[in-house]
Amino acid sequence: MRDYWFLSWRVAMRHWAIYKKDFFANVLPTIVDPALFIMVFGVWLGSHMTGLEGRPYLEFMAPGIAATTVLFAAYFESSYGFYVRLVYENIFKALMTTPIGASEILAGEYIWVALKGAIMAGIVGVVLLLFGVAKPQFLWLMPIMGALLSVACGAMGLISTAYVKNMNQFQTIYALLISPMFFISGVFYPIDQMPRVLQFVCYLSPLYHGVRLSQSALWADKIIETWLIHGSALIAITGVLMIWASKKIYPKLYS
């Protein structure tokens, strides 16, 4: 077991070694995109809107932006990124000529997206704090939220990779799954304004639970209650997605 985690960690560190070569270029969108969302939708558009749930619209929207940053980073890393490593670069075939096997490769992918999600959520949390739309007391929970959410979204990316026949088909999955998830998971408005059917769909969305955890941390509001309910739900959804991903992606690694 010790060797398993050591080898899995080495896979994650291999990805980190590649990522840090262009660290500034890779991290810059994490800072710029939330800042633009805040300025365009929060400051300029929000100035024409009334508050939501007793908060200014900018403050309401900000935690969701942090969660969606994690969603996109983790999903694209484990879909496009994993596919390129698998099909074009043959990285995994090379790794499997060493003591590293398929299990270690998948565990390494999850470790990597968890680390990446934690870093990005932490950075966005600091950006939101600087904009004055976050409270500092529980800012330390943002990397935890980022790690939890990124594993779920990473599993979704691996499932997508297992089903596509070519890279262009990721656009279909993005249009039918990721983009709708972004718009209906409580980022821009409370989900109780939606029809009951869509509310139920939201409860199955890992992003929705990530948004709720992010709101709780950045608003310093109902920490224990929110993290028990939505943290548990996110972990349960993640478990189902990881089992699904493992069953579908293993044959791809050996093909």
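As shown above, the structure is provided for reference.
Cut-offs applied
Residues numbered from 1 in each chain as written. Predicted model: local features only at pLDDT ≥ 70, side-chain atom pairs only at ≥ 80, totals over all residues. Heavy atoms only, no water. Axes fitted to C-alpha atoms, helices over the stretch in contact; angles between N-to-C directions. Helix = DSSP H or I, 4+ residues; strand = E, 2+ residues; numbered from the N terminus. Left-handed = near helix turned anticlockwise from the far one by under 90°. Contact = heavy atoms within 4.5 Å. 1 Å grid on protein atoms, 1.4 Å probe; cavity = no way out; pocket = protein on both sides within 12 Å on 5 of 7 lines; lining within 4 Å. Points joined across faces, edges and corners; volume = space filled by probe spheres on them. Nonpolar A, V, L, I, M, F, W, Y, C, P; charged D, E, K, R; others polar. Salt bridge = Lys/Arg side-chain N within 4 Å of Asp/Glu carboxyl O. Buried < 20%, exposed > 50% of the residue type's maximum accessible area, 1.4 Å probe, protein only.

### Structural notes on the packing of helix H3 (residues 57-88) against helix H6 (residues 141-163)
With their axes 7 Å apart at the nearest point, H3 and H6 run at an angle of 35 degrees to one another. In the packing of H3 onto H6, the handedness of the crossing is right-handed. Across the interface between the two elements, Ala-66, Ala-67, Val-70, Leu-71, Ala-74, Tyr-75, Ser-78, Ser-79, Phe-82 and Tyr-83 of H3 pack against Met-142, Met-145, Gly-146, Leu-149, Ser-150, Cys-153, Gly-154, Met-156, Gly-157, Leu-158, Ser-160 and Thr-161 of H6.

### Focus on the layout of surface pockets
In this structure, the largest pocket occupies an estimated 370 Å³ of space. If you go around the largest pocket, you meet 21 residues; those closest to its centre are Glu-53, Tyr-208, Arg-212, Gln-215 and His-230. Those elements that place two or more of their residues in the lining of the largest pocket are helix H9 (206-219) and helix H10 (223-254). At 6 residues, H9 tops the list of elements feeding residues into the lining of the largest pocket. When the residues that make up the lining of the largest pocket are grouped by side-chain class, the tally is 8 nonpolar, 6 polar and 7 charged.

### Things to note about the pattern of salt bridges
Working definition: two side chains of opposite charge can pair if their charged atoms are close together. Scanning all chains against the criterion turns up 3 salt bridges. In this structure, Glu-77 engages Arg-85 in a salt bridge whose closest nitrogen and oxygen atoms are separated by 3.0 Å. Residue classification places Glu-77 among the buried positions, given a relative accessible area of 12%. By relative accessible area, Arg-85 is classed as buried at 7%. Each of Glu-77, Arg-85, Glu-109 and Lys-116 takes part in salt bridges that share partners, so that together they form one network.

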